[in-house]
Amino acid sequence: MPPSSSSNKLPFSSSFRPYSLFLVILFVVLLAVILVIVCTLGDASSFQWTRRHGSLLDFAPTTLTFSGTSQVFAVADPPPTSSLNPQIEERQEGIGKDKVYEKIKVTSATNEVKRHSRLEKIEATLARARLAIKEAGRVQNKTSTYDDPDYVPRGPIYRNAKVFHRSYLEMERIFKIYVYEEGEQPLFNDGPCKSVYATEGRFIHELAMDNNYRTSDPNQAHVYFLPYSVVAMVRYLYVPDSHDMSPIGRTIADYVNVIANKHPYWNRSLGADHVMVSCHDWGPYSSSYAPFLYNMSIRALCNANTSEGFIPSKDVSFPEVQLKTGEIKGILGGPSASSRHILAFFAGGRHGHIRHLLLEHWKEKDKDVLVYEQLPKHFSYDSMFKNSKFCLCPSGYEVATARVMDAIYAECVPVLISDGYVPPFSDVLNWKSFSVQVKVEDIPNIKGILSSISQKQYISLQRRVKQVQRHFVVNGPSKRFDIFHMTVHSIWLRRLNLRLGSPSRKAFDGNMSK
(Lines give C-alpha, C1' and ligand atoms only; values in the text may rest on other atoms or scores of the structure.)
Protein backbone atom coordinates (compact mmCIF):
# COMPACT_ATOMS: atom_id res chain seq x y z
CA MET A 1 0.00 0.00 0.00
CA PRO A 2 1.59 3.20 -1.05
CA PRO A 3 2.33 5.56 1.71
CA SER A 4 0.10 8.56 2.08
CA SER A 5 1.28 11.93 0.89
CA SER A 6 1.30 13.21 4.44
CA SER A 7 3.73 10.55 5.59
CA ASN A 8 6.27 11.57 2.88
CA LYS A 9 6.61 15.16 4.34
CA LEU A 10 8.77 15.86 7.35
CA PRO A 11 7.32 18.13 10.03
CA PHE A 12 8.17 21.83 9.59
CA SER A 13 10.07 22.00 12.91
CA SER A 14 12.23 19.06 11.96
CA SER A 15 13.23 20.40 8.55
CA PHE A 16 14.30 23.76 10.02
CA ARG A 17 15.72 22.58 13.36
CA PRO A 18 19.39 23.53 12.68
CA TYR A 19 18.45 26.97 11.42
CA SER A 20 16.15 27.60 14.41
CA LEU A 21 18.86 26.57 16.82
CA PHE A 22 21.23 29.03 15.17
CA LEU A 23 18.69 31.84 15.57
CA VAL A 24 18.17 31.06 19.24
CA ILE A 25 21.93 31.09 19.90
CA LEU A 26 22.34 34.35 18.01
CA PHE A 27 19.48 35.93 19.94
CA VAL A 28 20.97 34.91 23.29
CA VAL A 29 24.38 36.31 22.35
CA LEU A 30 22.90 39.60 21.21
CA LEU A 31 20.82 39.85 24.39
CA ALA A 32 23.91 39.28 26.52
CA VAL A 33 25.82 41.97 24.66
CA ILE A 34 22.96 44.45 25.07
CA LEU A 35 22.77 43.74 28.81
CA VAL A 36 26.48 44.32 29.22
CA ILE A 37 26.25 47.64 27.35
CA VAL A 38 23.24 48.81 29.35
CA CYS A 39 24.89 47.93 32.66
CA THR A 40 28.08 49.73 31.65
CA LEU A 41 26.25 52.86 30.59
CA GLY A 42 24.15 52.72 33.72
CA ASP A 43 27.24 52.75 35.91
CA ALA A 44 28.84 55.57 33.97
CA SER A 45 25.76 57.76 34.02
CA SER A 46 24.46 56.99 37.48
CA PHE A 47 26.23 60.04 38.88
CA GLN A 48 24.10 62.93 37.66
CA TRP A 49 22.64 66.17 38.94
CA THR A 50 19.13 67.47 38.88
CA ARG A 51 17.77 70.95 39.28
CA ARG A 52 14.05 71.46 39.24
CA HIS A 53 13.58 74.84 37.61
CA GLY A 54 11.11 77.08 39.37
CA SER A 55 10.95 74.84 42.43
CA LEU A 56 12.92 76.59 45.12
CA LEU A 57 10.57 75.77 47.97
CA ASP A 58 7.99 73.47 46.51
CA PHE A 59 7.81 69.84 45.35
CA ALA A 60 6.05 70.76 42.09
CA PRO A 61 8.79 70.75 39.43
CA THR A 62 7.72 73.97 37.73
CA THR A 63 5.77 75.80 40.43
CA LEU A 64 6.91 78.02 43.32
CA THR A 65 4.13 78.34 45.88
CA PHE A 66 3.81 80.97 48.61
CA SER A 67 0.86 81.96 50.75
CA GLY A 68 -1.58 79.86 48.78
CA THR A 69 -0.68 81.42 45.41
CA SER A 70 1.28 79.82 42.62
CA GLN A 71 3.61 81.36 40.11
CA VAL A 72 5.20 79.40 37.30
CA PHE A 73 8.79 80.23 36.42
CA ALA A 74 10.21 79.26 33.04
CA VAL A 75 13.81 78.47 32.26
CA ALA A 76 15.65 81.53 30.94
CA ASP A 77 16.26 81.72 27.24
CA PRO A 78 19.93 81.31 26.40
CA PRO A 79 21.67 84.60 25.55
CA PRO A 80 22.07 85.47 21.86
CA THR A 81 24.91 83.59 20.23
CA SER A 82 26.48 86.88 19.17
CA SER A 83 27.04 87.75 22.82
CA LEU A 84 28.83 84.54 23.68
CA ASN A 85 32.58 84.21 23.62
CA PRO A 86 33.45 81.68 20.86
CA GLN A 87 36.66 80.69 22.64
CA ILE A 88 34.96 79.40 25.76
CA GLU A 89 35.59 75.70 26.28
CA GLU A 90 32.58 74.85 28.45
CA ARG A 91 30.48 71.87 27.40
CA GLN A 92 27.19 73.14 26.01
CA GLU A 93 25.19 70.06 25.14
CA GLY A 94 22.04 69.32 27.08
CA ILE A 95 20.91 72.92 27.51
CA GLY A 96 17.37 73.65 26.40
CA LYS A 97 14.89 76.23 27.56
CA ASP A 98 12.03 73.75 27.47
CA LYS A 99 13.67 71.19 29.72
CA VAL A 100 12.32 70.88 33.24
CA TYR A 101 15.69 69.67 34.42
CA GLU A 102 19.02 68.69 32.90
CA LYS A 103 21.23 65.68 33.55
CA ILE A 104 24.94 66.03 33.13
CA LYS A 105 27.38 63.15 33.34
CA VAL A 106 30.53 63.37 35.38
CA THR A 107 33.46 64.03 33.09
CA SER A 108 36.23 62.42 35.14
CA ALA A 109 36.05 58.64 35.23
CA THR A 110 39.30 57.99 37.10
CA ASN A 111 38.17 59.58 40.35
CA GLU A 112 34.48 58.81 39.91
CA VAL A 113 34.11 56.46 42.85
CA LYS A 114 35.96 58.74 45.27
CA ARG A 115 34.08 61.86 44.23
CA HIS A 116 30.83 59.97 44.22
CA SER A 117 31.42 58.95 47.82
CA ARG A 118 32.34 62.46 48.97
CA LEU A 119 29.45 64.04 47.17
CA GLU A 120 27.01 61.45 48.45
CA LYS A 121 28.02 62.36 52.01
CA ILE A 122 27.43 66.04 51.29
CA GLU A 123 24.07 65.29 49.69
CA ALA A 124 23.13 63.16 52.69
CA THR A 125 23.70 66.08 55.06
CA LEU A 126 21.63 68.34 52.81
CA ALA A 127 18.87 65.73 52.70
CA ARG A 128 18.71 65.71 56.49
CA ALA A 129 18.56 69.52 56.52
CA ARG A 130 15.71 69.46 53.98
CA LEU A 131 13.81 67.01 56.17
CA ALA A 132 14.30 69.15 59.28
CA ILE A 133 13.08 72.28 57.48
CA LYS A 134 10.14 70.40 56.01
CA GLU A 135 9.15 69.10 59.45
CA ALA A 136 9.20 72.66 60.81
CA GLY A 137 6.81 73.67 58.04
CA ARG A 138 4.28 70.98 58.95
CA VAL A 139 3.47 72.61 62.29
CA GLN A 140 0.49 74.96 62.15
CA ASN A 141 2.09 77.44 64.55
CA LYS A 142 4.46 79.63 62.52
CA THR A 143 6.11 81.14 65.60
CA SER A 144 9.66 79.90 66.09
CA THR A 145 10.22 77.78 69.20
CA TYR A 146 13.96 77.33 68.70
CA ASP A 147 16.32 78.74 71.31
CA ASP A 148 18.58 81.47 69.97
CA PRO A 149 20.75 83.79 72.09
CA ASP A 150 20.72 86.62 69.53
CA TYR A 151 17.39 86.77 67.76
CA VAL A 152 14.22 84.74 67.28
CA PRO A 153 12.30 85.58 64.07
CA ARG A 154 8.68 86.48 64.79
CA GLY A 155 5.75 88.24 63.22
CA PRO A 156 4.21 88.92 59.83
CA ILE A 157 7.41 90.23 58.20
CA TYR A 158 8.24 86.56 57.56
CA ARG A 159 6.42 84.15 55.31
CA ASN A 160 6.97 81.52 57.96
CA ALA A 161 9.18 82.55 60.89
CA LYS A 162 9.61 79.02 62.23
CA VAL A 163 10.65 77.52 58.89
CA PHE A 164 13.05 80.38 58.24
CA HIS A 165 14.63 80.08 61.69
CA ARG A 166 15.14 76.34 61.32
CA SER A 167 16.59 76.82 57.86
CA TYR A 168 18.93 79.53 59.15
CA LEU A 169 20.15 77.33 62.01
CA GLU A 170 20.73 74.41 59.64
CA MET A 171 22.71 76.72 57.36
CA GLU A 172 24.93 77.88 60.21
CA ARG A 173 25.49 74.29 61.24
CA ILE A 174 26.55 72.70 57.97
CA PHE A 175 26.80 75.12 55.01
CA LYS A 176 30.31 75.44 53.52
CA ILE A 177 31.56 77.70 50.72
CA TYR A 178 34.84 77.30 48.88
CA VAL A 179 36.36 80.48 47.45
CA TYR A 180 38.57 80.07 44.40
CA GLU A 181 41.98 81.68 44.88
CA GLU A 182 42.74 82.09 41.17
CA GLY A 183 42.93 85.66 39.87
CA GLU A 184 44.75 88.75 41.01
CA GLN A 185 43.46 91.95 42.55
CA PRO A 186 41.85 94.31 41.80
CA LEU A 187 39.68 92.31 39.38
CA PHE A 188 39.46 89.23 41.61
CA ASN A 189 39.14 88.68 45.36
CA ASP A 190 38.47 92.39 45.79
CA GLY A 191 35.68 94.89 45.26
CA PRO A 192 34.31 98.34 46.21
CA CYS A 193 33.24 98.89 49.81
CA LYS A 194 31.90 102.40 49.24
CA SER A 195 29.39 103.95 46.82
CA VAL A 196 26.23 102.42 45.40
CA TYR A 197 28.05 99.16 44.60
CA ALA A 198 29.25 98.65 48.17
CA THR A 199 27.42 95.39 48.82
CA GLU A 200 29.38 93.66 46.03
CA GLY A 201 32.76 94.42 47.57
CA ARG A 202 31.56 93.97 51.15
CA PHE A 203 30.30 90.47 50.41
CA ILE A 204 33.61 89.48 48.77
CA HIS A 205 35.59 90.86 51.73
CA GLU A 206 33.30 89.42 54.42
CA LEU A 207 33.47 85.96 52.87
CA ALA A 208 37.25 86.22 52.69
CA MET A 209 37.37 86.85 56.45
CA ASP A 210 34.60 84.44 57.39
CA ASN A 211 35.35 81.51 59.70
CA ASN A 212 31.92 79.87 59.76
CA TYR A 213 30.94 79.27 56.13
CA ARG A 214 34.24 79.42 54.27
CA THR A 215 36.19 76.19 53.95
CA SER A 216 39.71 75.63 52.64
CA ASP A 217 38.79 72.10 51.55
CA PRO A 218 36.87 72.16 48.25
CA ASN A 219 35.76 68.57 48.80
CA GLN A 220 33.76 69.67 51.83
CA ALA A 221 32.06 72.59 50.07
CA HIS A 222 28.41 72.80 49.11
CA VAL A 223 28.96 75.72 46.73
CA TYR A 224 31.96 77.34 45.03
CA PHE A 225 32.36 81.11 44.90
CA LEU A 226 33.77 82.93 41.86
CA PRO A 227 35.23 86.08 43.48
CA TYR A 228 35.35 88.45 40.53
CA SER A 229 34.10 92.03 40.64
CA VAL A 230 32.19 93.44 37.68
CA VAL A 231 32.53 96.92 39.18
CA ALA A 232 36.33 96.58 39.15
CA MET A 233 36.26 95.23 35.60
CA VAL A 234 34.20 98.21 34.45
CA ARG A 235 36.74 100.51 36.05
CA TYR A 236 39.86 98.88 34.63
CA LEU A 237 38.74 97.18 31.40
CA TYR A 238 35.91 99.25 29.98
CA VAL A 239 36.76 102.04 27.55
CA PRO A 240 34.50 105.03 28.39
CA ASP A 241 31.80 105.77 25.82
CA SER A 242 32.80 102.72 23.74
CA HIS A 243 29.62 100.81 24.65
CA ASP A 244 31.77 97.69 24.28
CA MET A 245 31.28 95.23 27.09
CA SER A 246 33.21 92.41 25.41
CA PRO A 247 36.52 92.94 27.31
CA ILE A 248 34.61 92.36 30.55
CA GLY A 249 32.67 89.39 29.17
CA ARG A 250 35.77 87.73 27.72
CA THR A 251 37.63 88.15 31.01
CA ILE A 252 34.79 86.41 32.86
CA ALA A 253 34.62 83.63 30.25
CA ASP A 254 38.41 83.11 30.41
CA TYR A 255 38.23 82.98 34.21
CA VAL A 256 35.54 80.30 34.09
CA ASN A 257 37.72 78.35 31.65
CA VAL A 258 40.65 78.51 34.05
CA ILE A 259 38.48 77.24 36.90
CA ALA A 260 36.95 74.49 34.75
CA ASN A 261 40.35 73.27 33.51
CA LYS A 262 42.11 73.44 36.88
CA HIS A 263 39.41 72.07 39.19
CA PRO A 264 36.94 69.18 38.77
CA TYR A 265 33.99 70.89 40.47
CA TRP A 266 32.76 73.07 37.62
CA ASN A 267 32.61 70.19 35.15
CA ARG A 268 30.87 68.02 37.72
CA SER A 269 27.75 70.15 37.53
CA LEU A 270 28.62 72.56 34.72
CA GLY A 271 28.60 75.37 37.26
CA ALA A 272 25.21 74.67 38.85
CA ASP A 273 26.73 74.75 42.37
CA HIS A 274 28.86 77.84 41.64
CA VAL A 275 28.07 81.37 42.83
CA MET A 276 28.81 84.88 41.58
CA VAL A 277 27.75 88.28 42.96
CA SER A 278 27.33 91.58 41.16
CA CYS A 279 25.71 94.88 42.03
CA HIS A 280 26.59 96.54 38.75
CA ASP A 281 23.89 96.99 36.11
CA TRP A 282 26.06 95.01 33.68
CA GLY A 283 26.37 92.01 35.98
CA PRO A 284 23.59 89.94 34.37
CA TYR A 285 24.61 90.55 30.75
CA SER A 286 28.35 90.11 31.34
CA SER A 287 27.67 86.65 32.76
CA SER A 288 26.15 85.62 29.40
CA TYR A 289 29.66 85.42 27.90
CA ALA A 290 29.98 82.18 29.90
CA PRO A 291 26.77 80.33 28.89
CA PHE A 292 26.62 77.94 31.83
CA LEU A 293 27.36 80.73 34.29
CA TYR A 294 24.35 82.56 32.84
CA ASN A 295 21.99 79.58 32.60
CA MET A 296 23.08 77.31 35.44
CA SER A 297 25.01 79.08 38.18
CA ILE A 298 23.61 80.86 41.22
CA ARG A 299 23.87 84.56 40.39
CA ALA A 300 23.41 87.06 43.24
CA LEU A 301 22.36 90.20 41.36
CA CYS A 302 21.21 93.64 42.43
CA ASN A 303 19.61 93.96 39.00
CA ALA A 304 17.09 91.20 39.72
CA ASN A 305 14.91 91.68 36.65
CA THR A 306 12.83 88.69 35.51
CA SER A 307 12.49 90.22 32.05
CA GLU A 308 16.28 90.13 31.62
CA GLY A 309 17.01 86.51 32.49
CA PHE A 310 16.80 86.60 36.29
CA ILE A 311 15.40 83.25 37.46
CA PRO A 312 14.07 83.44 41.06
CA SER A 313 14.41 79.68 41.59
CA LYS A 314 18.20 79.72 41.03
CA ASP A 315 19.30 83.37 41.22
CA VAL A 316 19.49 85.59 44.32
CA SER A 317 18.16 89.15 44.57
CA PHE A 318 21.06 91.08 46.08
CA PRO A 319 20.29 94.30 48.05
CA GLU A 320 21.72 97.52 46.63
CA VAL A 321 23.04 99.76 49.41
CA GLN A 322 24.50 103.25 49.04
CA LEU A 323 27.43 103.60 51.47
CA LYS A 324 29.09 106.95 50.83
CA THR A 325 31.70 106.47 53.55
CA GLY A 326 31.63 102.69 53.76
CA GLU A 327 30.01 102.88 57.20
CA ILE A 328 26.40 102.87 58.43
CA LYS A 329 27.06 105.11 61.42
CA GLY A 330 24.54 107.94 61.57
CA ILE A 331 22.29 106.71 58.76
CA LEU A 332 20.16 104.20 60.70
CA GLY A 333 16.92 105.21 62.39
CA GLY A 334 14.58 108.18 62.29
CA PRO A 335 11.66 109.91 64.01
CA SER A 336 8.64 107.99 65.23
CA ALA A 337 5.66 107.38 62.98
CA SER A 338 3.64 110.19 64.57
CA SER A 339 6.45 112.73 64.01
CA ARG A 340 6.68 112.32 60.23
CA HIS A 341 4.86 115.18 58.48
CA ILE A 342 5.60 114.45 54.79
CA LEU A 343 3.27 111.96 53.10
CA ALA A 344 5.66 110.86 50.33
CA PHE A 345 9.03 111.92 48.93
CA PHE A 346 11.24 111.35 45.88
CA ALA A 347 14.19 113.17 44.34
CA GLY A 348 16.07 111.94 41.26
CA GLY A 349 16.69 112.26 37.55
CA ARG A 350 14.66 110.98 34.63
CA HIS A 351 16.44 107.65 34.44
CA GLY A 352 14.10 105.27 32.65
CA HIS A 353 10.47 105.43 31.68
CA ILE A 354 9.08 104.84 35.20
CA ARG A 355 10.81 107.88 36.68
CA HIS A 356 9.83 109.90 33.64
CA LEU A 357 6.16 109.09 34.31
CA LEU A 358 6.54 109.86 38.02
CA LEU A 359 8.09 113.26 37.35
CA GLU A 360 5.56 114.09 34.65
CA HIS A 361 2.67 113.54 37.05
CA TRP A 362 4.08 114.74 40.36
CA LYS A 363 7.13 116.99 39.94
CA GLU A 364 6.61 119.91 42.34
CA LYS A 365 2.84 119.71 41.91
CA ASP A 366 1.62 118.66 45.35
CA LYS A 367 2.30 119.78 48.91
CA ASP A 368 1.95 116.24 50.31
CA VAL A 369 3.67 114.22 47.59
CA LEU A 370 7.04 115.96 47.27
CA VAL A 371 8.69 114.94 44.02
CA TYR A 372 11.80 116.70 42.71
CA GLU A 373 14.03 116.16 39.72
CA GLN A 374 16.72 118.07 41.57
CA LEU A 375 16.50 118.52 45.32
CA PRO A 376 16.44 122.19 46.40
CA LYS A 377 19.70 123.30 48.03
CA HIS A 378 18.13 124.05 51.41
CA PHE A 379 16.80 120.44 51.64
CA SER A 380 18.74 117.46 52.94
CA TYR A 381 18.18 114.15 51.16
CA ASP A 382 18.68 112.14 54.36
CA SER A 383 16.41 114.36 56.45
CA MET A 384 13.68 114.18 53.82
CA PHE A 385 13.75 110.37 54.07
CA LYS A 386 13.69 110.50 57.85
CA ASN A 387 10.73 112.88 57.96
CA SER A 388 8.60 111.14 55.32
CA LYS A 389 5.99 108.48 55.97
CA PHE A 390 6.45 106.86 52.58
CA CYS A 391 9.55 106.95 50.37
CA LEU A 392 8.96 106.47 46.65
CA CYS A 393 11.39 103.94 45.11
CA PRO A 394 10.84 103.87 41.34
CA SER A 395 13.14 101.84 39.12
CA GLY A 396 15.65 103.75 37.02
CA TYR A 397 17.40 102.48 33.92
CA GLU A 398 17.48 99.13 35.72
CA VAL A 399 14.94 97.69 38.15
CA ALA A 400 17.10 97.92 41.29
CA THR A 401 17.45 101.17 43.22
CA ALA A 402 19.39 101.97 46.38
CA ARG A 403 16.41 104.04 47.55
CA VAL A 404 14.76 100.87 48.86
CA MET A 405 17.59 100.38 51.36
CA ASP A 406 17.77 104.15 52.00
CA ALA A 407 14.11 104.00 53.04
CA ILE A 408 14.55 100.97 55.29
CA TYR A 409 17.61 102.52 56.94
CA ALA A 410 15.63 105.74 57.58
CA GLU A 411 12.64 103.67 58.83
CA CYS A 412 10.49 105.11 56.05
CA VAL A 413 7.97 102.75 54.44
CA PRO A 414 9.30 101.97 50.94
CA VAL A 415 6.94 102.31 47.97
CA LEU A 416 8.13 99.96 45.22
CA ILE A 417 7.31 101.09 41.66
CA SER A 418 8.79 98.69 39.10
CA ASP A 419 8.21 96.08 36.43
CA GLY A 420 9.76 92.63 36.89
CA TYR A 421 11.71 93.40 40.07
CA VAL A 422 12.18 90.62 42.63
CA PRO A 423 12.81 92.23 46.06
CA PRO A 424 15.74 90.88 48.12
CA PHE A 425 15.13 87.86 50.35
CA SER A 426 11.51 87.64 49.18
CA ASP A 427 11.55 83.84 49.56
CA VAL A 428 11.77 84.49 53.32
CA LEU A 429 10.42 88.00 53.88
CA ASN A 430 6.81 89.06 53.34
CA TRP A 431 7.39 92.39 51.61
CA LYS A 432 3.69 93.26 51.62
CA SER A 433 3.83 93.51 55.41
CA PHE A 434 6.36 96.36 55.48
CA SER A 435 6.17 98.04 52.07
CA VAL A 436 3.67 99.33 49.53
CA GLN A 437 3.82 98.11 45.94
CA VAL A 438 2.37 100.42 43.29
CA LYS A 439 1.90 99.38 39.68
CA VAL A 440 3.39 101.63 37.02
CA GLU A 441 -0.04 102.37 35.57
CA ASP A 442 -1.16 103.56 39.03
CA ILE A 443 1.46 106.32 39.29
CA PRO A 444 -1.22 109.04 38.78
CA ASN A 445 -3.11 107.60 41.79
CA ILE A 446 -0.17 107.49 44.22
CA LYS A 447 -1.59 110.13 46.57
CA GLY A 448 -4.96 108.41 46.75
CA ILE A 449 -3.35 105.00 47.35
CA LEU A 450 -1.13 106.26 50.17
CA SER A 451 -3.81 108.48 51.72
CA SER A 452 -6.16 105.51 51.92
CA ILE A 453 -3.77 103.78 54.35
CA SER A 454 -5.06 104.56 57.83
CA GLN A 455 -2.79 105.85 60.59
CA LYS A 456 -3.12 102.54 62.39
CA GLN A 457 -2.10 100.62 59.28
CA TYR A 458 0.80 103.00 58.68
CA ILE A 459 2.09 102.60 62.24
CA SER A 460 2.08 98.81 61.74
CA LEU A 461 3.96 99.15 58.44
CA GLN A 462 6.56 101.48 59.95
CA ARG A 463 7.05 99.26 62.99
CA ARG A 464 7.72 96.31 60.70
CA VAL A 465 10.23 98.35 58.68
CA LYS A 466 12.15 98.88 61.92
CA GLN A 467 11.95 95.15 62.65
CA VAL A 468 13.11 94.02 59.21
CA GLN A 469 15.96 96.57 59.14
CA ARG A 470 18.39 94.18 60.87
CA HIS A 471 18.32 91.92 57.80
CA PHE A 472 19.61 94.69 55.52
CA VAL A 473 22.23 96.31 57.73
CA VAL A 474 25.84 96.17 56.48
CA ASN A 475 28.04 95.35 59.46
CA GLY A 476 31.79 95.10 59.63
CA PRO A 477 32.45 92.46 60.76
CA SER A 478 29.16 90.82 59.92
CA LYS A 479 26.58 89.91 62.55
CA ARG A 480 24.05 87.10 62.57
CA PHE A 481 20.91 87.76 60.52
CA ASP A 482 22.42 90.84 58.82
CA ILE A 483 22.70 91.47 55.07
CA PHE A 484 25.74 89.19 54.65
CA HIS A 485 24.15 86.24 56.43
CA MET A 486 20.81 86.77 54.71
CA THR A 487 22.55 86.73 51.32
CA VAL A 488 24.32 83.52 52.29
CA HIS A 489 20.97 82.10 53.38
CA SER A 490 19.47 82.89 49.96
CA ILE A 491 22.39 81.03 48.36
CA TRP A 492 21.84 78.18 50.81
CA LEU A 493 18.20 77.86 49.72
CA ARG A 494 19.23 77.64 46.07
CA ARG A 495 21.73 74.92 46.92
CA LEU A 496 19.01 73.01 48.74
CA ASN A 497 17.03 73.16 45.51
CA LEU A 498 19.89 71.50 43.63
CA ARG A 499 20.40 67.72 43.79
CA LEU A 500 23.79 66.37 42.79
CA GLY A 501 23.02 62.68 42.53
CA SER A 502 20.17 60.49 41.38
CA PRO A 503 17.77 62.36 39.07
CA SER A 504 14.89 60.39 40.53
CA ARG A 505 15.00 62.33 43.79
CA LYS A 506 12.26 64.84 44.41
CA ALA A 507 12.78 68.59 44.66
CA PHE A 508 13.10 70.34 48.01
CA ASP A 509 9.97 71.56 49.80
CA GLY A 510 10.83 74.08 52.48
CA ASN A 511 7.97 76.46 51.75
CA MET A 512 8.44 79.55 53.90
CA SER A 513 4.73 80.36 53.75
CA LYS A 514 3.40 77.08 55.15
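Residues numbered from 1 in each chain as written. Predicted model: local features only at pLDDT ≥ 70, side-chain atom pairs only at ≥ 80, totals over all residues. Heavy atoms only, no water.

Let us look at the sheet that holds strand 6 (residues 274–278). Read across the open sheet, the five strands follow the order 4-5-6-7-8; overall the sheet is parallel. The sheet terminates laterally at strand 4 (177–179) and strand 8 (316–317), the two strands that pair on one side only. Sheet analysis places strand 5 (residues 223–225) next to strand 6, joined by two bridges and oriented parallel. Paired with Phe 225 across the strands is Val 275, a residue of strand 6. Its contacts with the sheet place helix 5 (residues 198–209) against strand 4, strand 5 and strand 6, and it is angled at close to 140° to strand 6. (Pairing = 2+ DSSP bridges. Helix = DSSP H or I, 4+ residues; strand = E, 2+ residues; numbered from the N terminus. Contact = heavy atoms within 4.5 Å. Axes fitted to C-alpha atoms, helices over the stretch in contact; angles between N-to-C directions.)

Pairing is parallel across the open sheet formed by five strands, whose spatial order is 10-9-11-12-13. Of all strands in the sheet, those with a lone pairing partner are strand 10 (369–372) and strand 13 (436–437), marking the two edges. Two strands pair when backbone bridges link them, and strand 11 (residues 388–394) and strand 12 (residues 413–417) are joined in this way by five bridges, in the parallel orientation. Along strand 12, the bridge assignment pairs Pro 394 with Ile 417. Of the strands in this sheet, strand 9 (342–347), strand 10, strand 11 and strand 12 are in contact with helix 11 (residues 353–362), which crosses strand 10 at around 120°.

Another point: unusual backbone geometry. Of note, the bond from Gln 185 into Pro 186 is cis; its omega dihedral lies within 30 degrees of zero at 10°. On the secondary structure map, Pro 186 appears in the loop between strand 4 and helix 5. Following Gly 476, the chain continues to Pro 477 via a peptide bond in cis, the omega torsion being 0°. With respect to the helices and strands, Pro 477 occurs in the loop between helix 15 (455–468) and helix 16 (483–496). In this model, Leu 270 sits at a positive phi of 55°, which is unusual for a non-glycine residue. Relative to the elements of secondary structure, Leu 270 occurs in the loop between helix 8 (265–269) and strand 6. Residue classification places Leu 270 among the buried positions, given a relative accessible area of 1%. Notably, Glu 411 is not glycine yet its phi reads approximately 60°, a positive angle. Mapped onto the elements of the fold, Glu 411 is located in the loop between helix 13 (403–409) and strand 12. Owing to a relative accessible area of 8%, Glu 411 belongs among the buried residues under this scheme. (Buried < 20%, exposed > 50% of the residue type's maximum accessible area, 1.4 Å probe, protein only.)

The next point concerns helix 4 (residues 161–174). Three- or four-residue spacings in an α-helix give side chains the same orientation, since the helix completes a turn every 3.6 residues. The end-to-end C-alpha distance of helix 4, which contains 14 residues, comes to 20 Å, matching closely the 20 Å that a straight helix rising 1.5 Å per residue would cover. Of all 14 residues in helix 4, eleven are buried, a share of seventy percent or more. Among all positions in helix 4, only Ala 161, Lys 162, Val 163, Phe 164, His 165, Ser 167, Tyr 168, Glu 170, Met 171, Glu 172 and Ile 174 are buried. Where helix 4 begins, the side chain of Asn 160 points an oxygen toward the backbone nitrogen of Lys 162, at a separation of 3.2 Å. (Expected span 1.5 Å × (residues − 1). Polar contact = N/O pair within 3.5 Å; in protein donor to acceptor, adjacent residues only side chain to side chain.)

A complete count under the given rule lists two disulfides for this structure. Note that Cys 279 is cross-linked by a disulfide to Cys 302, the S-S spacing being 1.9 Å. Around the S-S axis, the bridge from Cys 279 to Cys 302 shows a dihedral of about -75° and counts as left-handed. With Cys 279 in the loop between strand 6 and helix 9 (283–286) and Cys 302 in the loop between strand 7 (298–301) and strand 8, this residue pair connects regions lying 23 residues apart in the sequence. As far as burial versus exposure is concerned, Cys 279 and Cys 302 are alike and both buried. Two residues, Cys 391 and Cys 412, share a disulfide whose sulfurs are 2.2 Å apart. Disulfide Cys 391 to Cys 412: torsion about the S-S bond roughly 115°, handedness right-handed. Residue Cys 391 is found in strand 11, and its partner Cys 412 is found in the loop between helix 13 and strand 12; the two are separated by 21 residues along the sequence. Taken N- to C-terminal, the disulfide-bonded cysteines of the chain are connected 1-2, 3-4. (Disulfide = S-S within 2.5 Å.)

So, to be careful, I would describe these as geometric facts and stop short of saying anything about function.
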